[in-house]
Amino acid sequence: MAQTKSVSRNQLMRMPIYRSYLIKKLKNGINEISAPVMAKELKLNEEKVRKDISLVSSQVGKPRQGRDVELLIQDIEKFIGYNERTNAVLVGVGHLGSALLGYQGFAEYGIDICMAFDANPNLDGTMIAGKRVYYTKNMSMLCRIMDIKIAVITVPAQYAQAVCDVLVEAGVKAIWNFAPIHLEVPSNILVQNENMATSLAVLSVHLQAQIKEKKQEESQAKKSLIDIQTQIATLTT
């Protein structure tokens, strides 16, 4: 990543959102844009958007006009290392791992999953989605040779910590963890957890809350209508 300024994880996560949004604006003929407009259309806090843009932008915003969109896209891409290439590995080529190997979107942000590992020795040397798969016995050695700094873990929970330990010992500094388990790592190692079951459960809870709220509103509206009808009937008798 090209950035050297102090930046939070939340700020980093917003940068791809800004980039996609600005690219669409540029394609629609919008050449200048301001932070308040971005915040309103993206439904984000305006102060956060201002700080984020100030963090990455090489230009000073013009009053009532904002910043040049094309240059701002370039600034964001430079900040997140879009034009750089960082090699990464994936461990566990089951259904999820294989799907991630075939995803082309990582390249847009400078990430190249250059190889994968699996505990099944029969997969050693095979190709999945154009990526070479190696037996996990060779993982530490190959990660060191390739100077791998980013790894994706898609193994079952009971194997995730052991895999993580080997990766960290081999020099990996950032881990994207899809295993439903908390990984114990040194303080200088970054871990991004993706617990899909938890995410789905959260969505379900929010959906049920919305359905319940809607039913309550409908019930209240029905009660109010009955009250009005009763009052009208009383006045006409």
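As the structure is a computational prediction, the values presented were derived from the model and not from experiment.

K.L.:
I'm lost on the overall build of the protein chain in this one. Help?
P.N.:
Within the protein chain, the regular secondary structure consists of eight helices and nine strands. Here the C-alpha atoms of the protein chain give a radius of gyration of 25 Å, more than 25% beyond the 18 Å that 2.2 N^0.38 yields for 237 residues. Looking at the protein chain as a whole, 32% of its 237 residues are labelled buried. Long-range pairs, those at least 24 residues apart, make up 56% of the contacts in the protein chain between residues at least 6 apart in sequence. On the protein chain, roughly 14900 Å² of surface is accessible, and the fraction owed to carbon and sulfur atoms is 56%. In the protein chain, 28 side chains carry a positive charge and 23 a negative one; their mean positions are 3 Å apart.

K.L.:
How do you make sense of unusual backbone geometry when you look at a structure like this?
P.N.:
For residues that are not glycine, phi is negative in most cases, and the peptide bond is trans in most cases. Notably, Ala 129 is not glycine yet its phi reads approximately 55 degrees, a positive angle. One non-glycine residue, Asp 147, lies in positive phi territory at about 55 degrees. Residue position: Asp 147 is located in the loop between α6 (139–145) and β7 (150–153).

K.L.:
I'm lost on the pattern of salt bridges in this one. Help?
P.N.:
Side chains carrying opposite charge are able to pair once their charged atoms draw close together. All chains considered together, the criterion is met by seven salt bridges. Among the salt bridges present, the one from Lys 131 reaches Asp 112, with a minimum N-O distance of 3.2 Å. A residue pair is termed long-range when its members are at least 10 positions apart, and Lys 131 in strand β6 (residues 131–135) and Asp 112 in strand β4 (residues 111–118) qualify at 19 residues. Of the residues examined, Asp 112 reaches a relative accessible area of 28% and is grouped as partly exposed. Arg 144 is the salt-bridge partner of Glu 169, the closest N and O atoms lying 2.6 Å from each other. A residue pair is termed long-range when its members are at least 10 positions apart, and Glu 169 in helix α7 (residues 157–169) and Arg 144 in helix α6 qualify at 25 residues. Judged by its relative accessible area of 49%, Glu 169 is partly exposed. Arg 144 sits in the partly exposed class, given a relative accessible area of 43%.

K.L.:
I keep staring at helix α4 (residues 69–79) and nothing clicks. Help me out?
P.N.:
Buried within α4 we find Val 69, Leu 72, Ile 73, Asp 75, Ile 76, Glu 77 and Phe 79. Buried residues along α4 sit against α1 (9–27), β1 (32–33), α2 (35–42), α3 (46–56) and β2 (67–68). Where α4 starts, the residue carrying a side-chain oxygen 3.2 Å from the main-chain nitrogen of Glu 70 turns out to be Asp 68.

K.L.:
Explanation requested: the sheet that holds strand β9 (residues 190–193) in the structure shown.
P.N.:
Sheet strands associate in pairs through backbone hydrogen bonding, adopting either a parallel or an antiparallel arrangement. Strands sit in the order β5-β6-β4-β3-β7-β8-β9 across an open sheet of seven strands; the sheet is mixed. Unpaired on one side and paired on the other, β5 (127–128) and β9 mark the two borders of the sheet. With two bridges joining them, β5 and β6 adopt antiparallel strand pairing. The residue of β6 that forms the bridge with Met 127 is Arg 132. Running at roughly 170 degrees to β7, α7 makes contact with β3 (86–91), β7 and β8 (174–177) of the sheet.

K.L.:
Could you clarify how one ought to interpret the nonpolar core in this entry?
P.N.:
A general tendency of soluble globular proteins is for nonpolar side chains to be buried together. Ranked by internal contacts, the top residues of the largest apolar core, which has 22 residues, are Val 89, Phe 117, Cys 143, Ile 153, Leu 167 and Ile 175. Among the elements of the structure, β3, β4, α6, β7 and α7 are those that each provide at least two residues to this core. Ignoring sequence-local partners within four residues, the contact set of Ile 153 consists of Val 91, Ala 160, Val 163, Cys 164, Leu 167, Ile 175, Trp 176, Asn 177, Phe 178, Ala 179 and Leu 183. Membership of the second largest hydrophobic core comes to 18 residues, among which are Met 15, Tyr 21, Leu 22 and Val 69.

K.L.:
Looking at this model, I keep getting lost on α7. Mind explaining?
P.N.:
Because an α-helix completes one turn every 3.6 residues, residues spaced three or four positions apart along the sequence face the same direction. If you check α7, its first and last C-alpha atoms are 19 Å apart, about what 13 residues at 1.5 Å a residue would give, namely 18 Å. Of all the positions in α7, only Ala 160, Val 163, Cys 164 and Leu 167 are classed as buried. Looking straight down α7, one finds its buried side chains confined to an arc of 110 degrees; they lie on one side. Packing partners of the buried residues in α7 comprise β3, α6, β7 and β8. Within two residues after α7, Gly 171 carries a phi angle of roughly 110 degrees, on the positive side.

K.L.:
Sorry if this is basic, but what is going on with the side chain of Ser 34 here?
P.N.:
By the element assignment, Ser 34 lies in the loop between β1 and α2. According to the relative accessible area criterion, Ser 34 is buried, its value standing at 18%.

Quick notes on the rules
- Residues numbered from 1 in each chain as written.
- Predicted model: local features only at pLDDT ≥ 70, side-chain atom pairs only at ≥ 80, totals over all residues.
- Heavy atoms only, no water.
- Helix = DSSP H or I, 4+ residues; strand = E, 2+ residues; numbered from the N terminus.
- Rg over C-alpha atoms; globule rule 2.2 N^0.38 Å.
- Buried < 20%, exposed > 50% of the residue type's maximum accessible area, 1.4 Å probe, protein only.
- Contact = heavy atoms within 4.5 Å.
- Areas by Shrake-Rupley, 256 points an atom, 1.4 Å probe, with all protein chains shown as cover.
- Lys, Arg positive; Asp, Glu negative; His and termini not counted.
- Charge placed at Lys NZ, Arg CZ, Asp CG, Glu CD.
- Salt bridge = Lys/Arg side-chain N within 4 Å of Asp/Glu carboxyl O.
- Polar contact = N/O pair within 3.5 Å; in protein donor to acceptor, adjacent residues only side chain to side chain.
- Pairing = 2+ DSSP bridges.
- Axes fitted to C-alpha atoms, helices over the stretch in contact; angles between N-to-C directions.
- Core = buried A, V, L, I, M, F, W, Y, C linked by side-chain atoms within 4.5 Å.
- Expected span 1.5 Å × (residues − 1).
- Arc of directions from axis to C-beta.

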